[in-house]
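Listed below are the residues making up each chain.
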Amino acid sequence: MLTKGSGRGIMRALQQHLRNLPYMASYSTNEFRSGLKILLDGDPCAIIENEFVKPGKGQAFNRVKIRNLKTGRVVDKTFRSGESVEAADVHDTQLQFLYSDGEFWHFMDPETFSQCQADKNAVGDTAQWLKGEEQCQVTLWNDVPLIVVAPKFVELKITETDPGVRGDTAQGGVKPATLETGAVVKVPLFVEEDEVIKVDTRSGEYVSRARE
Amino acid sequence: MLANKPAQRSLATGLRSNWRPGAALDILAARAKMLAAVRDFFAARGVLEVETPLVSSAAATDPNIESLRVLDPAGAHRYLNTSPEFAMKRLLAAGSGDIYQVSRAFRAGECGALHNPEFTLLEWYREGFDLQGLMWEVAELIASLVQDSGLVAEAAYHTYRELFLETLGCDPLATSVSDLGERLKKAGIAPPAGECGLDELLDLALTTVVLPALASDRLIFIYDYPISQAALARSHPGDARIARRFEAVYGGIELANGFEELADPDEQGRRFQNDLELRARRGLAAVEQDERLLGALASGLPSCAGVALGLDRVLMLACGLQHIDEVLSFSWERA
């Protein structure tokens, strides 16, 4: 029952309650910028584009293009301007790849030596470029790897490829080569087994022989 | 304390390297020319230039417009005006005759490619004009302001209802929240989460579907809005579902909003009350309604039509620019 004066007690109780809640950051729509990380339906997302729309005498909206960082899917969302959205604790860091146990890929922070593991979803196609000790850009969500990006260039040894055709020099054809990590790339005909080559991980293309 | 210092220093460095205006100097010259052309236009028509206060004791009650407050060191507050409308109507009621004003207006939180929280409004009132007469005058003024940019001058006129029927296939005067929500989804527009009001969806549909579908090479007038969106317009004498309100749009961008002005003090009082109740329900700041405006209406507002035109956007149009920052000396982020 509410009596005069009980309001203050309720406020005190409410303040006490709020102090005990875990700290949760949030962003108002007027802080929306591309690159901002927010939590949407429980998933971490990044804002790609934000547009403020408002009829002169009407409701204001933020029309936002958002990438779901777990699935990679891009969706359009509409928010009422002034609404608040929970912030996602997402940040990028450089971690060293240690090893894979088949189920998880293990990484280490080279400064603090603390380790964490990434699952198959986080590593995805990046796995095919990793043999160990690479510095990878890892996107962490609540300190768990969400996205692992391979270094732009990696140097890997060819474990299997057809013998080169003698006389055929730099010009022309390519052949498939299997690398020590299992990745298959197209290489020029003159490149041989056991050679180390440089690969661009963004395109998956052969760049050159690795310098000795 | 020490830990904060580099951050503060980098903020200061960022500000110092960002002192330049957003608008090129020739755009500022175009702005000055436009202001001179506006004054010539009204001088030739015998419309009186007036000035009214930027800081007032009462505020706009519109739940979609948020006033910035000015705090007195003694603890009292006043409001930066969101448009000079109420004060200009008080002048009309006092017998001023036709008047215009070039004024700064302030709207909290409105920031984007087409919005700056501080902007320049040209507002004018014409006694004895109806909606059509004022729309013609707006078309004439805009055509004269953008004539050097080679834009098509011939304006087109459509009712709000007609455009909704064409683009979304629904009658805005008869549709429901669920019907319009479905049609928006089909058009690829996700309504915001939670419960939506019909006006909210109409606003979303207007900005995301109806305006982008309009011809982009001419000035377009949208008129006869649903009565729920009357703002300060009087209702249509022949159809109570409609308000005598118009907007002028170019390339999907709203340039002006005009009314056959509501003169009935009782109806104005009811709209204030509805607005204030809606503000309370939405948890928005309570504001003081303008009692002096109600007094002026009670004493008698001459039959008139009035319009507010966003001069910054007209300048964007005239100069072919996409962002309001490019026509302002110092936009919100630079001010």
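Here, the structure is the one placed above.
Residues numbered from 1 in each chain as written. Chains lettered and ligands numbered in written order. Predicted model: local features only at pLDDT ≥ 70, side-chain atom pairs only at ≥ 80, totals over all residues.

Draft legend 1. Spotlight on the overall build of chain A. Within chain A, the regular secondary structure consists of two helices and 16 strands. For chain A, contacts bridging at least 24 residues in sequence account for 46% of all contacts bridging at least 6. (Helix = DSSP H or I, 4+ residues; strand = E, 2+ residues; numbered from the N terminus. Contact = placed C-beta atoms within 7 Å.)

Draft legend 2. Highlighting the interface of chain A and chain B. Contacts between the two partners involve 20 residues from chain A and, on the opposite side, 22 residues from chain B. Broken down by secondary-structure element, the contributors of at least two residues to the side of chain A that touches chain B are β3 (43-53), β4 (61-68) and β5 (74-80) of chain A. A total of five residues in the side of chain A that touches chain B trace back to one element, the largest contributor, which is β5(A). A per-class count over the side of chain A that touches chain B returns six nonpolar, seven polar and seven charged. (Nonpolar A, V, L, I, M, F, W, Y, C, P; charged D, E, K, R; others polar.)

Draft legend 3. Broad picture of the packing of helix α2 (residues 25-44) of chain B against helix α10 (residues 311-319) of chain B. Residue and element names in this part refer to chain B. Relative orientation of the contacting elements α2 and α10 amounts to 120°, with a least axis distance of 11 Å. Taken together, the axes of α2 and α10 are oblique relative to one another. The chirality of how α2 crosses α10 is right-handed. Note on element contacts: α10 touches α2 through L311, L315, A318 and C319, opposite I27, A30, R31 and M34. Residues that form the contact of α2 with α10 fall into these classes: seven nonpolar, no polar and one charged. (Axes fitted to C-alpha atoms, helices over the stretch in contact; angles between N-to-C directions. Parallel < 35°, antiparallel > 145°, perpendicular 65-115°, else oblique. Left-handed = near helix turned anticlockwise from the far one by under 90°.)

Draft legend 4. Examining the pairing of β4(A) more closely. All names here are of chain A. In the sheet, β3 pairs with β4 via eight bridges, with the strands oriented antiparallel. For F52, the partnering residue across the bridge sits in β4 and is N62. Here seven bridges tie β4 to β5, and the two strands are oriented antiparallel to one another. Following the sheet pairing, R63 is matched in β5 by T78. Here β4 hands over to β5 after five residues, with G72 in that stretch at a positive phi of 80°. (Pairing = 2+ DSSP bridges.)

Draft legend 5. Looking closely at the sheet that holds strand β8 (residues 105-108) of chain A. Residue and element names in this part refer to chain A. Taken in spatial order, the five strands line up as β9-β8-β7-β10-β11 in an open sheet, and their pairing is antiparallel. The sheet is open, and its two edges are formed by β9 (115-118) and β11 (144-149), each paired on a single side. Each adjacent strand pair in this sheet contributes to an overall mean axis angle of 45°, direction not counted. Two elements, strand β7 (residues 90-100) and β8, share four bridges in a ladder whose sense is antiparallel. In the sheet register, Q96 faces β8, and the bridge partner there is M108.

Draft legend 6. Focus on the environment of L163(B). Residues and elements named next belong to chain B. Assignment of secondary structure puts L163 in helix α5 (residues 160-168). When the C-alpha positions of L163 and I222 are compared, they lie 8.2 Å apart, and in sequence the two are 59 residues distant. Beyond its immediate sequence surroundings of up to four residues, L163 is in contact with H158, V210 and I222.

Draft legend 7. Broad picture of unusual backbone geometry. Residue and element names in this part refer to chain A. For D41, which is not glycine, the phi torsion reads 50° and is therefore positive. Here D41 lies in the loop between β2 (37-40) and β3. For D41, a count of 7 C-beta atoms within 10 Å translates into the label exposed. One non-glycine residue, D194, lies in positive phi territory at about 70°. (Buried ≥ 20, exposed ≤ 12 C-beta atoms within 10 Å, placed from the backbone.)

Draft legend 8. Geometry of the nonpolar core. Counting residues in hydrophobic clusters, the biggest one holds 101 residues, and the most contacted among them are V138(B), I142(B), A205(B), L309(B) and V314(B). Dropping the residues within four chain positions of it, V138(B) is found in contact with A248(B), A256(B), G258(B), V307(B) and L309(B). With 24 residues, the next largest nonpolar core counts F107(A), L140(A), V148(A) and V187(A) among its residues. (Core = buried A, V, L, I, M, F, W, Y, C linked by C-beta atoms within 7 Å.)

Draft legend 9. Broad picture of the sheet that holds β4(A). All names here are of chain A. Taken in spatial order, the four strands line up as β2-β3-β4-β5 in an open sheet, and their pairing is antiparallel. Of all strands in the sheet, those bounded by a partner on one side alone are β2 and β5. Adjacent strand axes in the sheet meet at a mean angle of 45°, parallel and antiparallel pairs treated alike.

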